[in-house]
Amino acid sequence: MSTPDRSASAIRQQFLDFFAEKDHAIVPSASIVPGGDSTLLFTNAGMNQFKDVFLGTGTRDYSRAADTQKCLRVSGKHNDLDEVGHDTYHHTFFEMLGNWSFGDYFKREAIRWAWELLVDEWGLEPERLYATVHEGDDALGLEADEEAATLWAEETTIPEAHILYEPSKENFWMMGDTGPCGPCSEVHVDMRTDEERAAVDGKTLVNKDHPKVIEIWNLVFMQYDAQPDGSLKLLDNQHIDTGMGFERITAVLQGKDSTYDIDLFEPLLQAVADASPRESVRGYNDIDLDDANEVEAVRIALRVIVDHIRAIAFAILDGVTPGNVGRGYVIRRILRRAVRYGYQTLGLREPFLYALLPALTEAMGDAFPGLDEKQGYLENVIRSEEESFLETLGTGLDFFQTVVPYVHQSQKDAKAALESLQGDAQAMHLLTNAYVDHDDRATIAEAFVTTAEAGALAGEVAFLLHDTYGFPIDLTQLMAREEGLTVDMDGYEQLMKRQKERARAASQFGGTGDTDGDWHTVSDGPRSEFVGYDTTHLEDAAIRAVRTVDDDDRIGAHIELSRTPFYSESGGQVGDTGTLTVGSDTVRVLDTQRIGDRIVHMVERLPESLDAPVEATVDASRRQHIKKHHTATHLLHAVLRRTLGEHVQQKGSLVAPDRLRFDFSHFEAVTDDELRAMEVQINQAVQRNIAKQEERSVPMDEALDRGATALFDEKYGDEVRVITFDPDFSMELCGGTHVDATGEIGLVRLLSEGSVASGIRRIEAVAGDAAVDYVESELETLDRARKQFQGLQRPLESEIAALKAERDALRDQVQDLQRAQLAQHLDRIIDDATEVNGITVATGSIGEADMDLLQDLGQQLRDRLGAGAVGVLGSTDPESEKVYVVASVADDLIGAHDLKAGDLVGELGRELGGGGGGRPTFASAGGRHGDKLAAVLDGVADWVRGRVG
């Protein structure tokens with residue numbers, strides 16, 4: 001008899017084949033990003049894609065289905081992030097094997113087939129299995145699920161004592177606070193040795209987080225729809241929804257104690273170990289360290305990294321790029337958590353996550369071919385994000401590790417901690433940057449120690465780590481927990497709230513925040529109807545409601561109409577302007593916004609009469625310019641996806657009468673050649689004069705099936721408006737206004753491309769008359785430049801290049817002369833050096849010089865002074881109106897006397913009204929109090945004297 005194949009790939013396929021034989025349609029995994037479901041951040045269960053069927057709002061052409069579903073649990077009710085790595089069976093990303101019945105079979109078949117697969121096909125021992133059923137819940141008005149218990153006894157050979165009743169917490173499944181739900185039966189397996197099982201009854205360990213007595217399959221009997229008030233409503237049909245953790249069942253069938261020990265993770269774990277420069281880390285099970293705690297710390301880091309790279313890769317594969325908000329921020333948090341573990345525990349100082357993708361593809365590429373097809377793109381995105389975080393990670397960790405010892409000391413002796421902290425110039429310099437609301441070092445130290453006495457890291461420190469060094473708060477909490485500490489979350493949240501309030505205050509548009517207050521109803525009727533796709537002029541509108549606005553800005557009143565041709569700002573397109581004529585009175589519309597469910601016309605004043613018919617006239621010329629820029633935006637979006645790849649997602653836009661701005665996801669800068677090539681493609685589409693195809697009520701699913709591009713985070717209704725300029729070129733869901741044919745645009749000119757955030761790029765462009773004006777202006781500038789060169793003997797660009805080269809050469813000569821002159825100052829400064837307890841102290845000002853030049857001279861001074869010396873140079877920079885200092889300390893003084901250049905410039909920088917830092921051997925600082933430079937330099941000898949006694 002042949003040995004059954006128990007590889008992960010084979011197990012996955014065996015599950016699918018088993019249910020295919022039971023007449024189940026084998027469906028592909030849905031995206032990790034739930035489509036059209038605003039209640040979920042990520043797909044967290046196999047049933048997400050079938051939620052509409054359970055609710056009765058959707059149908060499928062099959063009544064039975066099975067699949068393996070990509071899942072991510074990092075937020076909300078189902079959040080396993082804190083456990084990942086610290087135990088051996090939780091994951092952020094995992095596969096969920098599942099089978100479903102949509103109004104077809106129910107409990108009996110689900111239970112029978114589960115047992116058949118687990119016992120008859122896979123050979124699990126019945127005496128190691130336990131089945132749990134719902135014990136009932138008075139609050140929900142539910143009795144115990146005796147039916148399920150009876151079926152377990154009738155349909156399987158499970159020992160009767162292994163059928164257990166459990167509370168709702170364990171055996172009533174809910175996807176969220178609302179939605180499809182029902183009682184469930186869980187199957188648990190006891191993987192302990194025979195001796196362990198004989199000593200302790202396995203049923204006492206079910207649902208007790210025992211690492212060897214774990215749940216492997218959940219059979220949900222979907223019967224109810226949870227309402228917002230907490231009540232349960234019967235679904236029209238009964239359904240089956242099962243979910244089996246693929247990694248867990250694979251560990252069971254492979255006889256492994258941990259999901260991380262299965263063959264699915266072997267290539268990943270080895271790839272991380274191989275990347276680590278630590279010679280002691282040769283593999284997950286080959287760590288040459290004597291300290292068991294340190295061995296476990298390394299294994300935790302390896303588990304975290306291999307789990308997180310799967311979550312990161314599959315999220316990006318499904319369109320989520322690391323960012324600052326929403327799903328993107330979650331993925332950024334996961335990535336930074338992995339990088340921190342690699343940096344601190346495995347000694348990885350360079351990007352390494354991106355290099356794990358070949359191993360991930362080796363392990364999972366057969367089931368998910370997109371890993372191989374998009375590997376280059378995934379590598380670029382991940383590497384870019386790693387490089388960005390690594391720039392600040394080390395500095396942030398140094399900050400954390402500098403102040404944490406004082407938290408521990410404060411718990412034991414607050415007074416001693418306060419004295420020690422105030423004497424630590426480096427720690428106090430760092431804390432000064434965190435406690436921006438405190439005036440002096442003493443109050444900063446006292447505030448820090450007061451919080452630390454309770455074993456908490458100050459909220460100010462956590463906020464600085466977040467705001468300056470890019471540490472997500474849960475990463476700081478994790479690091480604190482590893483030190484046995486907490487984080488002052490009240491203080492952190494207060495600082496975050498203040499930051500958000502400042503941002504909101506800076507961006508708030510006065511007078512438009514109130515959606516309902518102060519409105520005066522003029523006439524009854526439904527909210528205003530937008531008719532501006534078909535006309536820019538309307539003669540028979542009526543005023544629905546008005547309100548005055550007490551605002552220092554120019555807007556004095558808001559008007560809502562029954563019908564309006566005015567487009568309200570949306571989707572990046574600015575609002576229309578124009579006039580409203582009420583009777584014989586005309587008022588100007590300065591802007592149009594949607595506030596709540598109202599289309600609001602913002603006017604200078606209210607008309608004299610409110611009940612007369614309204615003639616609404618949009619500024620048609622301005623609208624036409626906007627339409628050209630909006631259509632140009634669609635063309636740009638299409639060309640970006642063609643040129644850079646389908647990973648490009650719109651992340652924001654501005655469509656104005658005189659320009660457009662388009663933000664999109666991409667991992668690197670767009671080259672000049674790519675930009676020019678895209679501009680050519682766009683203008684070719686303009687020259688083709690492609691007619692607009694507009695469809696206003698297309699079912700959402702149909703539009704997506706036809707290939708329409710939807711904005712990633714936009715919320716759409718059941719029916720959408722589709723704008724097409726050649727189905728093979730541009731088809732988008734859009735509510736904005738567009739030209740009737742691309743030829744109306746005339747010309748598009750791409751002006752610039754740059755970064756606005758990590759992984760987000762921005763292109764600015766002009767179209768139509770604005771593009772023509774721009775080109776004419778450029779030609780005029782070029783003509784004026786030509787006239788500066790009389791009798792051109794070669795092309796203008798060659799003349800300019802030669803002129804630039806000549807200028808650069810002259811600048812280098814001037815700088816060389818300046819350096820030579822300034823270097824002469826070093827002779828004087830060295831000659832004037834003093835002795836302080838056997839240490840040479842050389843200080844002086846070199847006059848005017850920027851920081852680069854000053855650092856160059858400071859290094860020369862250090863080299864010339866040699867051992868046993870401290871050197872400090874100062875300069876002023878007239879361009880920046882700053883004063884600079886650099887300090888050097890000889891290597892032999894650092895260990896012998898604890899003299900550090902970083903500590904020295906920290907003191908000098910504060911006296912100069914600024915700050916600074918650097919290495920113990922060489923550091924720099926800057927400030928704005930140039931008049932204090934001489935006194936600061938004179939005080940260096942006293943500083944050295946105070947340190948060496």
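Residues numbered from 1 in each chain as written. Predicted model: local features only at pLDDT ≥ 70, side-chain atom pairs only at ≥ 80, totals over all residues. Heavy atoms only, no water.

### With respect to the overall build of the chain
Then, number 1: The number of helices and strands found in the chain is 29 helices and 38 strands.
Then, number 2: Across its three principal directions, the C-alpha atoms of the chain cover 100 × 90 × 60 Å.
Then, number 3: Counting the 949 residues in the chain, one finds 52% classified as buried.
Then, number 4: In the chain, 69% of the contacts between residues at least 6 apart in sequence involve partners at least 24 apart. (Helix = DSSP H or I, 4+ residues; strand = E, 2+ residues; numbered from the N terminus. Buried < 20%, exposed > 50% of the residue type's maximum accessible area, 1.4 Å probe, protein only. Contact = heavy atoms within 4.5 Å.)

### Details of the packing of helix H9 (residues 292-317) against helix H10 (residues 326-345)
Then, number 1: For the pair H9 and H10, the least separation of the axes is 9 Å and the interaxial angle reads 150°. One finds that H9 runs roughly antiparallel with respect to H10. Of the two elements, H9 crosses H10, and the hand of that crossing is left-handed. Facing Ala 297, Val 298, Ile 300, Ala 301, Val 304, Ile 305, His 308, Ala 311, Ile 312 and Ala 315 of H9, the residues of H10 in contact are Ile 331, Ile 334, Leu 335, Arg 337, Ala 338, Tyr 341, Gly 342 and Thr 345.
Then, number 2: Among the residues forming the contact of H9 with H10, the class breakdown is 14 nonpolar, 3 polar and 1 charged. (Axes fitted to C-alpha atoms, helices over the stretch in contact; angles between N-to-C directions. Parallel < 35°, antiparallel > 145°, perpendicular 65-115°, else oblique. Left-handed = near helix turned anticlockwise from the far one by under 90°. Nonpolar A, V, L, I, M, F, W, Y, C, P; charged D, E, K, R; others polar.)

### Some details on the sheet that holds strand E16 (residues 520-521)
Then, number 1: The 8 strands lie next to each other as E16-E19-E20-E24-E23-E22-E25-E18, forming an open sheet whose pairing is antiparallel. Unpaired on one side and paired on the other, E16 and strand E18 (537-541) mark the two borders of the sheet.
Then, number 2: The sheet contact formed by E16 and strand E19 (residues 543-548) spans 2 bridges and is antiparallel. Paired with Thr 521 across the bridge in E19 is Ala 545. (Pairing = 2+ DSSP bridges.)

### With respect to the packing of aromatic side chains
Then, number 1: In total, this model carries 20 aromatic pairs according to the counting rule given.
Then, number 2: Centroid distance Phe 15 to Phe 19: 5.0 Å. Interplanar angle 55°. Geometry classified as tilted. With Phe 15 and Phe 19 both in helix H1 (residues 8-20), this residue pair falls 4 residues apart, about one helical turn.
Then, number 3: Accessibility expressed as a relative area gives 0% for Phe 15, which makes it buried.
Then, number 4: An angle of 75° between the planes, with centres 6.4 Å apart, marks the rings of Trp 115 and Trp 152 as edge-to-face. With Trp 115 in helix H3 (residues 107-121) and Trp 152 in helix H4 (residues 146-155), the pair connects residues that are 37 residues apart, well separated along the chain.
Then, number 5: With relative accessibility at 6%, the residue Trp 115 sits in the buried group.
Then, number 6: A relative accessible area of 1% means that Trp 152 is categorised as buried.
Then, number 7: Among the aromatic side chains, those forming a connected cluster through ring pairs are Phe 15, Phe 18, Phe 19 and Trp 217. (Phe/Tyr/Trp six-rings, centres within 6.5 Å; stacked < 30°, edge-to-face > 60°.)

### Here's the deal with the side chain of Arg 862
Then, number 1: Relative to the elements of secondary structure, Arg 862 occurs in helix H25 (residues 851-865).
Then, number 2: Note on Arg 862: relative accessible area 18%, which makes it buried.
Then, number 3: In this structure Arg 862 touches Ser 888, Val 889, Ala 890, Asp 891, Thr 921 and Phe 922, once residues within four positions along its chain are discounted.

### Brief notes about the pattern of salt bridges
Then, number 1: Evaluated as defined, the whole model comprises 49 salt bridges.
Then, number 2: Its salt-bridge partner being Asp 288, residue Arg 282 comes within 3.9 Å of it at the nearest N-O pair.
Then, number 3: Between Arg 383 and Glu 387 there is a salt bridge, and its shortest N-O distance comes to 3.2 Å. Of the two residues, Arg 383 and Glu 387 are both situated in helix H13 (residues 375-412); the distance of 4 residues between them amounts to about one turn of the helix.
Then, number 4: Assessed through its relative accessible area of 37%, Glu 387 is described here as partly exposed.
Then, number 5: Salt bridges sharing partners connect three or more residues here, namely Asp 534, Lys 692, Glu 694, Arg 696, Arg 721 and Asp 740. (Salt bridge = Lys/Arg side-chain N within 4 Å of Asp/Glu carboxyl O.)

### Things to note about the sheet that holds strand E29 (residues 719-725)
Then, number 1: One open sheet accounts for 3 strands, arranged E28-E29-E30; its pairing is antiparallel. For this open sheet the edge positions go to strand E28 (693-699) and strand E30 (730-733), each flanked by a neighbour on one side alone. Ignoring strand direction, the axes of neighbouring strands in this sheet form an average angle of 25°.
Then, number 2: With 5 bridges connecting them, E28 and E29 associate as antiparallel partners. Of the residues in E29, the one forming a bridge with Gln 693 is Thr 724.
Then, number 3: In the packing of helix H20 (residues 620-644) onto the sheet, contacts are made with E29 and E30, and the angle to E30 comes to roughly 115°.

### Re the side chain of Thr 92
Then, number 1: Along the polypeptide, Thr 92 turns up in the loop between strand E4 (78-79) and strand E5 (93-102).
Then, number 2: When its relative accessible area of 0% is taken as the criterion, Thr 92 is described as buried.
Then, number 3: Of the polar contacts made by the side chain of Thr 92, one reaches the side chain of Asp 307; its length is 2.5 Å. (Polar contact = N/O pair within 3.5 Å; in protein donor to acceptor, adjacent residues only side chain to side chain.)

### Considerations on the pairing of strand E35 (residues 869-877)
Then, number 1: For E35, the buried fraction is high: 8 of the 9 residues fall into the buried class.
Then, number 2: Two strands pair when backbone bridges link them, and strand E34 (residues 839-848) and E35 are joined in this way by 7 bridges, in the parallel orientation. Note that in E35 the partner of Thr 843 across the bridge is Val 872.
Then, number 3: After leaving E34, the chain enters H25 and then returns to the sheet as E35, a path that is right-handed. (Right-handed = clockwise from strand over helix to strand, strands pointing away.)

### Section: the environment of Gly 874
Then, number 1: Take Gly 874: it is sitting in strand E35.
Then, number 2: When the C-alpha positions of Gly 874 and Asp 611 are compared, they lie 75 Å apart, and in sequence the two are 263 residues distant.
Then, number 3: With sequence-adjacent residues up to four places away left out, Gly 874 is seen in contact with Gly 844, Ser 845, Ile 846, Gly 847, Leu 854, Tyr 884, Val 885, Leu 933 and Leu 937.

### A few points about empty space enclosed by the protein
Then, number 1: Under the criterion given, the structure shown has 2 cavities of 30 Å³ or more.
Then, number 2: Roughly 90 Å³ of volume is contained in the largest cavity.
Then, number 3: Here the lining of the largest cavity is composed, by residue class, of 6 nonpolar, 3 polar and 3 charged.
Then, number 4: Looking at the second largest cavity, its volume works out to about 60 Å³.
Then, number 5: Together, 10 residues line the second largest cavity, and Pro 322, Val 381, His 666, Phe 667 and Gly 759 are the ones closest to its centre.
Then, number 6: When residues of the lining of the second largest cavity are assigned to their parent elements, the largest contribution, 3 residues, is made by H13. (1 Å grid on protein atoms, 1.4 Å probe; cavity = no way out; pocket = protein on both sides within 12 Å on 5 of 7 lines; lining within 4 Å. Points joined across faces, edges and corners; volume = space filled by probe spheres on them.)

### Some points on the pairing of strand E7 (residues 163-166)
Then, number 1: When strand E6 (residues 129-134) meets E7, the two strands line up parallel, connected through 4 bridges. The residue of E7 that forms the bridge with Val 133 is Tyr 165.
Then, number 2: In this region the chain leaves E6, passes through H4 and returns to the parallel neighbour E7; the handedness of that crossover is right-handed.

### Regarding the packing of H9 against helix H11 (residues 357-364)
Then, number 1: As a packed pair, H9 and H11 sit with axes 11 Å apart at the nearest point and diverge in direction by 85°. Between H9 and H11, the angle falls in the class roughly perpendicular. Of the residues in H11, those touching H9 at Ile 309, Arg 310, Ala 313 and Phe 314 are Leu 357, Leu 360 and Met 364.
Then, number 2: Across the contact of H9 with H11, the residue classes break down as 6 nonpolar, no polar and 1 charged.

### A few points about the confidence of the model for the chain
Then, number 1: Looking at the chain as a whole, the pLDDT averages 88, with 94% of positions reaching at least 70.
Then, number 2: When the criterion is pLDDT under 50, residues 504-516 qualifies, and its contacts beyond four places in sequence or with other chains add up to 19 contacts. (pLDDT = per-residue confidence, 0-100.)

### Description of H20
Then, number 1: An ideal rise of 1.5 Å per residue puts 36 Å on 25 residues; H20 measures up with 36 Å between its terminal C-alpha atoms.
Then, number 2: Sitting at the head of H20, Asp 619 places a side-chain oxygen 3.3 Å from the backbone nitrogen of Ser 621.
Then, number 3: Immediately downstream of H20, the backbone of Gly 645 shows phi near 130°, a positive value. (Expected span 1.5 Å × (residues − 1).)

### Section: unusual backbone geometry
Then, number 1: In the Ramachandran plot, Asp 23 falls in the positive-phi region, its phi being about 65° despite a non-glycine side chain.
Then, number 2: Structurally, Asp 23 can be placed in the loop between H1 and strand E1 (25-26).
Then, number 3: A relative accessible area of 61% places Asp 23 in the exposed class.
Then, number 4: Positive phi, close to 60°, is recorded for Asn 207, a residue that is not glycine.
Then, number 5: In this structure, Asn 207 sits in the loop between helix H6 (194-199) and strand E10 (213-226).

### What about the nonpolar core?
Then, number 1: Trp 217, Ile 249, Leu 353 and Phe 448 are the most contacted members of the largest nonpolar core, which has 144 residues in total.
Then, number 2: It is H9 that provides the largest number of residues to this core, a total of 15 residues.
Then, number 3: Setting aside residues no more than four positions away along its own chain, Leu 353 makes contact with Ile 305, Ile 309, Ile 312, Leu 335, Ala 338, Val 339, Ile 382 and Glu 386.
Then, number 4: If you look at the next biggest cluster of nonpolar residues, it comprises 29 residues, including Leu 644, Phe 725, Ile 763 and Ala 765. (Core = buried A, V, L, I, M, F, W, Y, C linked by side-chain atoms within 4.5 Å.)

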